[in-house]
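Overview (structure and organization)
So the chains spell out like this:
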Amino acid sequence: MKFVIVFVALFALAYAAPGNIDGDAQTLLYKSDVGPEVWNSAYETSNGIKADEDGKAINVGTDHESIVVHGSYSFVADDGKTYSVNYIADENGFQPQGEHLPKAV
């Protein structure tokens, strides 16, 4: 159940990314393979939004059950530039990386 919650949260994050909001955007690609312990998904729209992720449940059935997700998303912002974020989400939290994001010291 935890992985479903994180999957939906990450999908919502990618969907809500700022950029050219185009109500007429078309879905160019949509792939989804969701199993009980492993999943992957990808989508791309005609207005430049792209996202993909792979996730898996680990330590299933133990007190240390958790999920690990690797993914990325990109979008075209109002300034016309494409911004990309690669991320890992695991027991250490959401860890995004992108050229436009501040770097940890």
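Residues numbered from 1 in each chain as written. Predicted model: local features only at pLDDT ≥ 70, side-chain atom pairs only at ≥ 80, totals over all residues. Heavy atoms only, no water.

For the protein, the name recorded in an unreviewed UniProt entry is Larval cuticle protein 8, with Drosophila willistoni as its organism.

**Section: the sheet that holds strand 5 (residues 82-90)**
Spatial strand order, 1-2-3-4-5-6: 6 strands in an open sheet with antiparallel pairing. Unpaired on one side and paired on the other, strand 1 (27-34) and strand 6 (93-97) mark the two borders of the sheet. Within the sheet, the average angular offset between the axes of one strand and its neighbour, ignoring direction, is 10 degrees. Pairing between strand 2 (residues 38-45) and strand 3 (residues 50-58): 7 bridges, direction antiparallel. Counterpart to asparagine 40 in the pairing with strand 3 is aspartate 54. (Pairing = 2+ DSSP bridges. Helix = DSSP H or I, 4+ residues; strand = E, 2+ residues; numbered from the N terminus. Axes fitted to C-alpha atoms, helices over the stretch in contact; angles between N-to-C directions.)

**Here's the deal with the nonpolar core**
If you look at the biggest cluster of nonpolar residues, it comprises 14 residues, and the most contacted ones within it are Ile67, Val69, Tyr73 and Phe75. Sorting the residues of this core by element identifies strand 2, strand 3, strand 4 (66-76) and strand 5 as the ones contributing at least two each. (Core = buried A, V, L, I, M, F, W, Y, C linked by side-chain atoms within 4.5 Å. Buried < 20%, exposed > 50% of the residue type's maximum accessible area, 1.4 Å probe, protein only.)

**Considerations on the packing of aromatic side chains**
Following the criterion strictly, the structure yields 4 aromatic pairs and no others. Look at tyrosine 73 and phenylalanine 75: their rings are 6.5 Å apart centre to centre, the planes differ by 20 degrees, and that puts the pair in the stacked class. Classification of phenylalanine 75 by relative accessible area gives buried; the value is 8%. Members of the aromatic cluster, connected to one another through ring pairs, are Tyr73, Phe75, Tyr83, Tyr87 and Phe94. (Phe/Tyr/Trp six-rings, centres within 6.5 Å; stacked < 30°, edge-to-face > 60°.)

**Here's the deal with the environment of proline 36**
Within the secondary structure layout, proline 36 lies in the loop between strand 1 and strand 2. Here the alpha-carbon distance between proline 36 and lysine 56, two residues 20 residues apart in the chain, equals 8.8 Å.

**Overview of the environment of glutamate 53**
Take glutamate 53: it is sitting in strand 3. With 20 residues separating them in the primary sequence, glutamate 53 and tyrosine 73 have C-alpha atoms 8.6 Å apart. For glutamate 53, the side chain forms a polar contact with the side chain of tyrosine 87, separated by 2.7 Å. (Polar contact = N/O pair within 3.5 Å; in protein donor to acceptor, adjacent residues only side chain to side chain.)

**A look at the pairing of strand 2**
Where strand 1 and strand 2 come together, 7 bridges link them in antiparallel fashion. Within strand 2, the residue paired with aspartate 33 across the bridge is asparagine 40.

**Some words on the side chain of asparagine 47**
Its location among the elements puts asparagine 47 in the loop between strand 2 and strand 3. At 2.4 Å, the side chain of asparagine 47 forms a polar contact with the side chain of threonine 45.

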